[in-house]
Amino acid sequence: MKKLTKFALFAFALCAVGLPMASMAQDAVAEVTATDAMAAADSAMFTVNNTWMMVATFLVFIMHLGFAMVETGLTRAKNSVNILFKNTAIPAIGLLTYALIGFNLMYPGEMGVDWNGIFGFAGFGVSCPEGGLTSAYNPGYTYWTDFLFQGMFAATAATIVSGAVAGRIKLGPFLLFSTIYVALVYPWVGSWKWGAGWLAAKGFHDFAGSTLVHSVGGWGALAGIILLGPRLGKYVNGKTKAIMGHNMPLLTIGVFLLWLGWFGFNGGSVLSADPGGVSYVLVTTSLAAAAGIMGSMAMSWTVQKHPDLTMVLNGCLAGLVGITAGADVVSVSASVIIGLICGALAVVSVMMFDRLRLDDPVGATTVHLVCGVLGTLFVGIFANGATTTATGADLGYTISIGTQLLGIVSYAAACFPAAFVIFFVLKKTLGIRVSKEEELKGLDLGEHGMEAYPGFQFFTNV
């Protein structure tokens, strides 16, 4: 009986010790399982984020074709090859210079450089830092995806300039300007905000580049047309002569390609595949574009007494540029108001530049400079005091009108003089304008020795 009792006590003791140990083992297994599940979820989300960023990169890339079609359609047939050549060379120049110097000039802090927020440089070339192919580099995408996405933005600044100076600028000097401006000026001023520089520290907000991309290109375009002068026959005896574009179908295709590309331009700037953030930005972007069409339609019909297709299509682009700075922070209704105002003012602005005898064949200074400035200012008006995005993400700063104005003025003070100096030096050394004979004959024959439409082209107008 005593042996039985001892055995029972021993069995009870084993149970008393074993049950907690078994429970602890189960907890440990559960903890490991949960950790593995979280790691798998993080890995899957990283893949989704990175995939969306690459898709956005593809969409921004197609915008260069859109710019080429818009510029070609809005100018004369005899300059088509020249325009297509420029718009082919610009993305190549942009990507190569961004790889050589631009990326590390724009994001020196991400490469580990301790800088003052005004100017920093992390060295020449691109190379994958430790962990660059994993979320250790960025929680949303890899180092290489980051470089390619940002590189697509870089060439856009020079593309904007191309349209404004079309029809009378020498190819070589223009390509030299593009190389210098994209390699040095664009990434340097871009670092002030997107590279966590001094404007970022002050709370300046430019979500996807109304100022950082579009007005930077716009200031360059303004400097170019001032130093170049107008096309022959544009301003005669104090009157403005309309020089019509030769291909409205190409223009229309180009605008719709740009609208499509803007889904990547703005949607990709969320820098993740966050469903709330991306979908909200795409809605405000599209509504602003649609409102820009309606605003320009109403204004052109009222002022010009007829609905002008070129004005309406530029109104679409004006709405897109205007919403780009605040697509993540303004309300849906505000995005419509921004698009309407930018679209309507685009018509007035084109006429204003003509009154100032500043010849811009495609309206680049209106769409990208005027509406880029307006869009940045509208962030301070419609999101004044905001500390979060429209989807609740923390901005880390408070948006104010004063800071938005500071950013606008700062970019104007840096970009316009820089572009003016580059163009001025080129004008005094190489010359930037083609001869009168070459301009009348067309840059296709003068610069390239070929025609875009052989057998169908007539040189009967000035």
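These figures come from a predicted structure and were not determined experimentally.

A. Geometry of the packing of aromatic side chains. Applying the stated criterion to the full structure yields 22 aromatic pairs. Summarising the aromatic geometry, the rings of Trp262 and Phe265 are spaced 5.6 Å apart at their centres and angled 50° between planes, so their arrangement reads as tilted. Pair noted here: Trp262 and Phe265 are both in helix 7 (residues 248-267), with a separation of three residues, about one helical turn. Accessibility assignment for this pair places Trp262 and Phe265 in one class, buried. One residue, Lys86, lies across the ring of Phe174, its end atom 5.0 Å from the ring centre.

B. Just the layout of surface pockets, in detail. The volume enclosed by the largest pocket comes to roughly 810 Å³. Residue lining of the largest pocket: 34 residues in total, with Phe207, Ser269, Val270, Leu271 and Asp328 positioned closest to the centre. Taken together, the elements giving at least two residues each to the lining of the largest pocket come down to helix 3 (143-164) and helix 8 (275-303). Per element, the largest residue contribution to the lining of the largest pocket is four residues, and it comes from helix 3. The class makeup of the residues in the lining of the largest pocket is 17 nonpolar, 10 polar and seven charged. Approximately 650 Å³ is the volume found for the second largest pocket.

C. Here's a closer look at empty space enclosed by the protein. Tallied over the entire structure, the rule returns one cavity of 30 Å³ or more. Put simply, the largest cavity is a space of about 130 Å³. As for the largest cavity, its lining consists of 14 residues, of which Phe67, Val70, Val362, Ala364 and His368 are closest to the centre. Taken together, the residues of the lining of the largest cavity break down into seven nonpolar, six polar and one charged.

D. Representation of the packing of helix 9 (residues 309-324) against helix 11 (residues 364-382) in the model. Where helix 9 contacts helix 11, the axes come no closer than 8 Å and their chain directions differ by 40°. With respect to their mutual orientation, helix 9 and helix 11 come out oblique. When the axes of helix 9 and helix 11 are compared, the crossing they make is right-handed. The segment helix 9 lies against helix 11, with Asn314, Leu317, Ala318, Val321 and Gly322 engaging Val367, His368, Cys371, Gly372 and Gly375. For the contact of helix 9 with helix 11, the class distribution of residues is five nonpolar, five polar and no charged.

E. Spatial organisation of the pattern of salt bridges. Under the criterion given, the structure shown has four salt bridges. Between Glu439 and Arg433 there is a salt bridge, with the nearest N and O atoms lying 2.8 Å from each other.

F. Quick look at the state of the cysteines. By the definition in use, this model includes zero disulfides. As a non-bridged cysteine, Cys342 has Cys371 as the owner of its nearest cysteine sulfur, 4.4 Å distant.

Parameters and conventions
Each residue is numbered by its place in its chain's sequence as written, counting from 1. Per-residue local features are limited, in this predicted model, to residues with pLDDT of at least 70; the limit for side-chain atom pairs, both in listing and counting, is 80 or more; totals at the level of whole chains, interfaces and linings are taken over all residues. As a convention, hydrogens and water are excluded, and side-chain values are obtained from all of the structure's heavy atoms. When the centres of two rings from Phe, Tyr and Trp lie within 6.5 Å, Trp using its six-membered ring, the rings pair. Their planes under 30 degrees apart give stacked, over 60 give edge-to-face, and anything left gives tilted. The numbering of helices and of strands both runs from the N terminus, where a helix is a DSSP run of H or I of at least 4 residues and a strand a run of E of at least 2. Burial classification: accessible surface area is computed with a 1.4 Å probe over protein chains only, and a residue below 20% of its type maximum counts as buried, one above 50% as exposed, and the rest as partly exposed. Only when the NZ atom of a Lys or the CZ atom of an Arg is both within 6 Å of the ring centre and within 35 degrees of the ring normal do we say a charge sits over the ring. The method works on a 1 Å grid over the protein atoms by themselves. A cavity is a set of points holding a 1.4 Å probe that cannot get out, a pocket is an open set with protein on both sides within 12 Å along at least five of seven lines, and residues with an atom within 4 Å of a point line them. Grid points are joined across faces, edges and corners, and a volume is the space filled by probe spheres set on the points. All residues other than Ala, Val, Leu, Ile, Met, Phe, Trp, Tyr, Cys, Pro, Asp, Glu, Lys and Arg, Gly among them, are scored as polar; the first ten of these are nonpolar and the last four charged. All axes here are fitted lines through C-alpha atoms, helices being fitted over the stretch that makes contact, and every angle between N-to-C directions spans 0 to 180 degrees. For classification purposes, an angle smaller than 35 degrees is called roughly parallel, one larger than 145 roughly antiparallel, one from 65 to 115 roughly perpendicular, and anything else oblique. Crossing chirality is assigned from the near helix's rotation relative to the far helix, an anticlockwise turn below a right angle marking it left-handed and a clockwise turn marking it right-handed. In this description, contact between two residues means that some pair of their heavy atoms is separated by no more than 4.5 Å. Salt bridge, as used here: a side-chain nitrogen of Lys or Arg that lies within 4 Å of a carboxyl oxygen of Asp or Glu. Two cysteine sulfur atoms form a disulfide, by the criterion used here, when they sit within 2.5 Å.

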